[in-house]
Amino acid sequence: MSAQLSDSRRPLVVGNWKMHGSHAANEQLLEGLKSAGPLPCEVAVCVPFPYLAQAAERLARSAIAWGAQDCSAHEQGAFTGEVSAPMLADFGCRYAIVGHSERRALHGESDQLVADKAKAALAKGITPIVCVGETLAQREAGETESVVKRQLSAVIHTLAHCAGEMVVAYEPVWAIGTGRTATPEQAQAVHALLRAQLAAATPRAAQMKLLYGGSVKPDNAAQLFGQPDIDGGLIGGASLKAADFVAICRAAANH
Ligand code: PGA
């Protein structure tokens, strides 16, 4: 394995704080992460928009990156309530989650809108973390493969020659916040499909990071991260406790 290949597949663990936090609570959490010392993976936290300045200030000069949980597909204009990629870049965001299942389900985001958001982020040098995943009904109907392929395909086509620059997160909807994790084998099977789909589209597929998300905890992270095509995780609930999040980051040493 070349040095470049091994470096780019260095695992990545991202905290998705969702709509949680306060100045005081964030202060404690960020201090807890900073004081953990060196971790065997790349680490980032995706915080609510109002706390980007706090994250940027507290994490500057640390090895921990920060990002947002969404990004407008538009660069500027009359889009009340939206936050653009240039604004995120202004706050030093390295990542933006796009297409989280909560946004797809609760805000009606289509595959094409998610793809346009990913493109807007990349245009400003922000790595989009593109979420894909099937619902329980879709899994039980045997549609997992067709659903995740359809979701990813929209992004691949829209990003075109830049498709290799995104991070993909496979998050089965039935595993998010439920305590019901996909088994390492179930997750690996989908990750392998996604990597094969990426390989048909970009020469960078083997170097791309594919994250797993959905009830990742300190006690199941190592097994998940030990799978050949799982390069880290997108962590919701467990990213709100410094000790748990750090333990999950340490489990990435198993990759
Ligand atoms: P969870 O959320 O870890 O709380 O299941 C993951 C996510 O939604 O990104």
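For the structure itself, consult the block above.
Computed from a predicted structure; not experimentally measured.

Draft legend 1. Examining the overall build of the protein chain more closely. For the protein chain, the count of helices and strands is 11 helices and eight strands. Taken along the three principal axes of its C-alpha coordinates, the protein chain extends 45 × 45 × 40 Å. Burial statistics for the protein chain: of 255 residues in total, 53% are counted as buried. Restricting to contacts in the protein chain with at least 6 residues of sequence separation, those with at least 24 account for 73%. Carbon together with sulfur atoms contributes 54% to the accessible area of the protein chain, which is approximately 11,100 Å² in total. The distance from the centre of the 22 positive side-chain charges to the centre of the 24 negative ones in the protein chain is 3 Å.

Draft legend 2. Focus on the site of the ligand. In the vicinity of the ligand lie 13 residues, with K18, H100, E171, G177 and S215 positioned nearest. Between an oxygen atom of the ligand and a main-chain N or O atom of S215, the distance comes to 2.7 Å. When the ligand sits alone it has 280 Å² of accessible area, and the protein chains cover 97% of it.

Draft legend 3. Local environment of the packing of helix α6 (residues 111-123) against helix α8 (residues 144-159). For the pair α6 and α8, interaxial distance at closest approach is 8 Å and the crossing angle is 40 degrees. The angle between α6 and α8 falls in the class oblique. Considering how the two elements wind past one another, α6 and α8 form a crossing that is right-handed. Facing α6, whose interface residues are D111, Q112, A115, D116, A118, K119 and L122, α8 presents R150, Q151, A154, V155, T158 and L159. The class makeup of the residues in the contact of α6 with α8 is six nonpolar, three polar and four charged.

Draft legend 4. The arrangement of the packing of helix α2 (residues 23-34) against helix α11 (residues 242-251) in detail. Direction vectors running N to C along α2 and α11 enclose 35 degrees, while the axes themselves pass 9 Å from each other. Every pair of crossing elements has a handedness; the one defined by α2 and α11 is right-handed. Residues L29, G32 and L33 of α2 lie in contact with α11, whose contacting residues are A242, F245 and V246. For the contact of α2 with α11, the per-class residue count stands at five nonpolar, one polar and no charged.

Draft legend 5. Here's a closer look at the environment of A252. Structurally, A252 can be placed in the segment after α11. Each C-alpha atom of the pair A252 and P40 lies 6.3 Å from the other, and the pair is 212 residues apart in sequence. Ignoring any residue separated from it by four or fewer positions in sequence, one finds A252 in contact with P11, V13, P40, C41 and F225.

Draft legend 6. Layout of empty space enclosed by the protein. Under the definition given, this model contains one cavity of 30 Å³ or more. By volume, the largest cavity amounts to about 40 Å³. Taken together, G99, H100, S101, R104, C131, V132, G133, Q151 and E171 make up the full set of residues lining the largest cavity. Taken together, the elements giving at least two residues each to the lining of the largest cavity come down to α5 (101-106) and β5 (127-132). Taken together, the residues of the lining of the largest cavity sort by class into two nonpolar, five polar and two charged.

Calculation notes
Residues numbered from 1 in each chain as written. Predicted model: local features only at pLDDT ≥ 70, side-chain atom pairs only at ≥ 80, totals over all residues. Heavy atoms only, no water. Helix = DSSP H or I, 4+ residues; strand = E, 2+ residues; numbered from the N terminus. Buried < 20%, exposed > 50% of the residue type's maximum accessible area, 1.4 Å probe, protein only. Contact = heavy atoms within 4.5 Å. Areas by Shrake-Rupley, 256 points an atom, 1.4 Å probe, with all protein chains shown as cover. Lys, Arg positive; Asp, Glu negative; His and termini not counted. Charge placed at Lys NZ, Arg CZ, Asp CG, Glu CD. Near = heavy atom within 4 Å. Polar contact = N/O pair within 3.5 Å; in protein donor to acceptor, adjacent residues only side chain to side chain. Axes fitted to C-alpha atoms, helices over the stretch in contact; angles between N-to-C directions. Parallel < 35°, antiparallel > 145°, perpendicular 65-115°, else oblique. Left-handed = near helix turned anticlockwise from the far one by under 90°. Nonpolar A, V, L, I, M, F, W, Y, C, P; charged D, E, K, R; others polar. 1 Å grid on protein atoms, 1.4 Å probe; cavity = no way out; pocket = protein on both sides within 12 Å on 5 of 7 lines; lining within 4 Å. Points joined across faces, edges and corners; volume = space filled by probe spheres on them.

All we've got here are geometric facts, nothing functional implied.
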